[in-house]
Amino acid sequence: MRESIGGYLPRRPHGLQAVQVDIDDTTLRDGEQTAGVVFANEEKIRIARLLDEIGVYQIEAGIPTMGGAEKEAVAKIAALDLNCSILAWNRAVVSDIKESIECGVDAVAISMSASDIHIEHKLRATREWVLESVKEAVDFAKNKGLYVSVNAEDASRSDMEFLLSFARIARDAGADRIRFCDTLGILDPFNTFMKIKTLIDVTGMDVEMHTHNDFGMATANALAGVKAGARFVNTTVNGLGERAGNAALEEVIMALKHVEKIDLNYRPEKFRELSQYVARASNRPIPPWKPIVGASLFWYESGSRAAGVIEDPTNFEVFPPEDVGLRRRFIIGKYSGIASLKLKLSEHAVCVTDEEAALLICRLRSKSVRLKRALFDAEILESYEALIGEVREEIEARRGGGDLLAEACVAAAEIAERLGEGSSADSDNGAGALASAESSTRKD
């Protein structure tokens, strides 16, 4: 092996590349395995349709051998005549695969532990038994004309030599790909890259990334696998999954497009709709700060940030909010500046000068500090109506004294300090009014 990972890394492409990467989404299987989550069958069907509309290559629809409603849901999804492939999850047991065949799926995942700790303490078996079970299950599935993914459970903790033997057995039996499972989410992108590169170089197999987020690296590890040559990524909507969850569908697709310059030609404008539906069905709300689909991702309060976005959104946005079904909003709060206030008031057909905005914003910022939150539009308008007369009188009194805007900024700082009434928080806010106003003026 080379001493440095740098020797392996391909050059980052300058333009979008036609790299083959496919998404196999497991929201309906691993996502539903989140503790306490149960999807109704009609919800599963709706989620499957939305995933298909977005453009995923494959949907892991469930575990037929569970029987009952689970098997019924897999069969119904397989019968929808979607554009994507429908895969069912199985143990490396022939009877499981027979249940999947009865559902009408075109692909199966055959899952088997690959780490010694699992083999000894979970399966209470031997490496030889594991390899023989994989061979038998793959032989049976391929003889039935199915596409076969062999899942190497806990691959990140397996002995590499045994993992390579595991993959060779699967390959020689006819498996179409191997799923590398970082079951406990313990890898980092560097180790992920090296393991996947070795696996591909030695076996020549297509590899699928299945990464968990226990240390916050699921998406990063999935991308590291792709950079090493993995062709498939296993995802869930909103990163749903056991413990800290899995690599999030929306994060992986947008990171591939905007970070790795690999455009999968999916429909990200439907991400928000899909994410909201899965959030309701799983009773797991989307945090406002959630990457890609969080409601506050394109909300701006800071005066400098807001002014920069108003001038040109690409100052602080890699992609526009419409790309993922979101909207841009400007919030008036402790850190807001002139540009934000003028834009906010203009949304309600109210126009103010820079000088008026400089004096108004200090009062609104002080109010935000006292309330410990941003202000509602109604509160902003009420304050405007109550204070605009006083503000205009202040400006008129200073007219003729040189730079009127600079004078207004000084006055804003003085007024903010008075409004603080001895509060250190309000006083700090008032002292910052001048800097904020001047910053907004420069950026306008």
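Everything discussed here concerns the structure shown above.
Residues numbered from 1 in each chain as written. Predicted model: local features only at pLDDT ≥ 70, side-chain atom pairs only at ≥ 80, totals over all residues. Heavy atoms only, no water.

## Some points on the overall build of the protein chain
Stage number 1. Of the regular secondary structure elements, the protein chain holds 17 helices and 10 strands.
Stage number 2. Sequence separation of at least 24 residues holds for 72% of the intrachain contacts in the protein chain that already meet a minimum separation of 6.
Stage number 3. When the accessible surface of the protein chain is split by element, carbon and sulfur atoms take 50% of a total near 19,600 Å². (Helix = DSSP H or I, 4+ residues; strand = E, 2+ residues; numbered from the N terminus. Contact = heavy atoms within 4.5 Å. Areas by Shrake-Rupley, 256 points an atom, 1.4 Å probe, with all protein chains shown as cover.)

## Observations concerning the pattern of salt bridges
Stage number 1. For the structure on display, the rule yields 38 salt bridges.
Stage number 2. Two residues, Lys270 and Glu53, come together in a salt bridge whose shortest N-O distance is 3.3 Å. With Lys270 in the loop between helix 10 (249-258) and helix 11 (271-282) and Glu53 in helix 2 (residues 41-54), this pair connects stretches of sequence that are 217 residues apart.
Stage number 3. Salt bridges here are not isolated pairs; linked through shared partners, they connect Asp24, Arg29, Asp30, Glu60, Arg177, Arg179 and Glu208. (Salt bridge = Lys/Arg side-chain N within 4 Å of Asp/Glu carboxyl O.)

## Quick notes on the sheet that holds strand 3 (residues 85-91)
Stage number 1. If you walk around this closed barrel you meet the eight strands as 1-2-3-4-5-6-7-8, and the pairing is parallel. Averaged over all pairs of adjacent strands, the angle between their axes in this sheet comes to 25°, without regard to strand direction.
Stage number 2. For strand 6 (residues 177-182) and strand 7 (residues 206-211), the ladder comprises six bridges, and the chain directions are parallel. Residue pairing for strand 7: Arg179 is matched across the bridge by Glu208.
Stage number 3. Its contacts with the sheet put helix 3 (residues 68-78) on strand 2 (58-62) and strand 3, and the angle it makes with strand 2 is roughly 155°.
Stage number 4. Set on the sheet, helix 10 makes contact with strand 1 (22-25) and strand 8 (232-235); between it and strand 1 the angle comes to about 175°. (Pairing = 2+ DSSP bridges. Axes fitted to C-alpha atoms, helices over the stretch in contact; angles between N-to-C directions.)

## So, the nonpolar core
The tendency in soluble globular proteins is for nonpolar side chains to be buried side by side.
Stage number 1. Ranked by internal contacts, the top residues of the largest apolar core, which has 96 residues, are Ile23, Ile59, Ile110, Phe166, Phe180 and Val207.
Stage number 2. Phe166 has contacts with Met112, Ser113, Ala114, Val130, Leu131, Val134, Val150, Asn151, Ala152 and Ile178, leaving out every residue within four places of it along the chain.
Stage number 3. Within the second largest apolar cluster, 19 residues are counted, among which are Ile332, Leu345, Ala357 and Leu375. (Core = buried A, V, L, I, M, F, W, Y, C linked by side-chain atoms within 4.5 Å. Buried < 20%, exposed > 50% of the residue type's maximum accessible area, 1.4 Å probe, protein only.)

## Structural notes on helix 9 (residues 218-227)
Stage number 1. For helix 9, the buried fraction is high: eight of the 10 residues fall into the buried class.
Stage number 2. Within helix 9, the full set of buried residues consists of Ala218, Thr219, Asn221, Ala222, Leu223, Ala224, Gly225 and Val226.
Stage number 3. Check the buried side of helix 9 and you find it contacts strand 6, helix 8 (189-203), strand 7, strand 8 and helix 10.
Stage number 4. Looking one or two residues beyond helix 9, the residue adopting positive phi is Gly229, at roughly 120°.

## Brief notes about the packing of aromatic side chains
Stage number 1. In the structure shown here, the tally under the stated rule is four aromatic pairs.
Stage number 2. With a centroid separation of 6.4 Å and an interplanar angle of 70°, the aromatic rings of Phe162 and Phe166 are classed as edge-to-face. A residue pair is termed a helical-turn pair when its members lie 3 or 4 positions apart in one helix, as Phe162 and Phe166 do in helix 7 (residues 160-173) at four residues.
Stage number 3. Taking the relative accessible area as the measure of exposure, Phe162 reaches 5% and is therefore buried.
Stage number 4. Phe166 sits in the buried class, given a relative accessible area of 1%.
Stage number 5. Ring centres of Phe298 and Phe319 lie 5.8 Å apart, and the angle between their planes is 70°; on these two criteria the pair is classed as edge-to-face. (Phe/Tyr/Trp six-rings, centres within 6.5 Å; stacked < 30°, edge-to-face > 60°.)

## Side note on helix 10
Stage number 1. Of all 10 residues making up helix 10, eight are buried, and the element is well covered by its neighbours.
Stage number 2. Those residues of helix 10 that fall on the buried side of the exposure criterion are Leu249, Glu250, Glu251, Val252, Ile253, Met254, Ala255 and Leu256.
Stage number 3. Next to the buried residues of helix 10 lie strand 1, helix 2, helix 9, strand 8 and helix 11.

## As for the environment of Thr198
Stage number 1. Tracing the backbone through its elements, the reader meets Thr198 in helix 8.
Stage number 2. The sequence separation of Thr198 and Ala228 amounts to 30 residues, and the corresponding C-alpha distance is 8.8 Å.
Stage number 3. Polar contacts involving the side chain of Thr198 include one to the main-chain carbonyl oxygen of Met194, which spans 2.8 Å. (Polar contact = N/O pair within 3.5 Å; in protein donor to acceptor, adjacent residues only side chain to side chain.)

## Some words on the packing of helix 12 (residues 303-311) against helix 13 (residues 338-346)
Stage number 1. Where helix 12 meets helix 13, the axes come as close as 7 Å, and the angle between the chain directions of the two elements is 60°. Taken together, the axes of helix 12 and helix 13 lie oblique to each other. Each of Ala306, Ala307 and Ile310 in helix 12 lies in contact with helix 13, whose residues at this interface are Ala339, Ser340 and Leu343.
Stage number 2. Considering only residue class, the contact of helix 12 with helix 13 consists of five nonpolar, one polar and no charged. (Parallel < 35°, antiparallel > 145°, perpendicular 65-115°, else oblique. Nonpolar A, V, L, I, M, F, W, Y, C, P; charged D, E, K, R; others polar.)

## Examining the environment of Ala69
Stage number 1. By the element assignment, Ala69 lies in helix 3.
Stage number 2. Relative accessible area serves as the criterion here: at 47%, Ala69 is assigned to the partly exposed category.
Stage number 3. In the structure, Ala69 is positioned 29 residues away from Ala40 in sequence and 8.8 Å away in space, judged by C-alpha atoms.

## Details of the pairing of strand 1
Stage number 1. Alternating positions in strand 1 separate into two faces, Asp22 and Asp24 on one and Ile23 and Asp25 on the other, with burial throughout.
Stage number 2. In the sheet, strand 1 pairs with strand 8 via four bridges, with the strands oriented parallel. Paired with Asp25 across the strands is Thr235, a residue of strand 8.
Stage number 3. As defined by bridge partners, strand 1 adjoins strand 2 across two bridges and the pair is classed as parallel.

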